[in-house]
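Tertiary structure, described
The residues making up each chain are set out below.
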Amino acid sequence: MSSISKKIGSKIAELRKKQKMTQAVLAEKAKISPDFLSRIERGINSASTSRLNSIAKALGFPLKELLDFEEKNTHEKEMQAIVYLLRRRKIKELKKVQRLLEVLFDE
């Protein structure tokens, strides 16, 4: 398979593992078989744009995140980690976090 397929597969595996999600759980959310997901992650199979979009949504990321192969600097990685933690929070919780950050940074 192409190096692009391998890069996309590695990116999917990386994002999945960061969320402590198993292949089985991600496959179920993306409505694909765990075997197919495994083959995508290993770069053995390539997936259609539609299938990649389903995987990205199941991970909670936009499709473009799967296609971003640039090395992130430490600052960007930390920002992404923070965004991930906040992504699935309710508005009330987000407002509390915002107030906390404003106090912490004297804003």
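Relevant structure appears above.
Structure report, in brief. (Residues numbered from 1 in each chain as written. Predicted model: local features only at pLDDT ≥ 70, side-chain atom pairs only at ≥ 80, totals over all residues. Heavy atoms only, no water.)

1. What about helix H7 (residues 91-104)?
Quick reminder of the rule: Only DSSP runs of H or I with at least four residues qualify as helices, and only runs of E with at least two residues qualify as strands; both kinds are numbered from the N terminus onward. Residue count minus one, scaled by 1.5 Å, sets the expected span of a helix.
The end-to-end C-alpha distance of H7 is 20 Å, a good match for the 20 Å that 14 residues give at a rise of 1.5 Å each. Just beyond H7, the residue with positive phi is Asp 106, at close to 50°.

2. Describing the nonpolar core
For the record, the criterion: By convention a nonpolar core is built from buried Ala, Val, Leu, Ile, Met, Phe, Trp, Tyr and Cys residues, the set being connected through side-chain atoms within 4.5 Å. When accessible area is computed with a 1.4 Å probe and restricted to protein chains, residues below 20% of their type maximum are described as buried, those above 50% as exposed, and intermediate ones as partly exposed. Whether two residues are in contact is decided by their heavy atoms: any pair within 4.5 Å suffices.
Of all hydrophobic cores here, the largest spans 19 residues; its most connected members are Ile 12, Leu 26, Ile 55, Leu 59 and Leu 66. Every element with two or more residues in this core is listed here: helix H1 (3-18), helix H2 (23-30), helix H3 (34-41), helix H4 (49-59) and helix H5 (63-66). It is H4 that contributes the most residues to this core, five residues altogether. Setting aside residues up to four positions removed in sequence, Leu 26 forms contacts with Ile 12, Arg 16, Met 21, Leu 37, Glu 41, Ile 55, Ala 58 and Leu 59.

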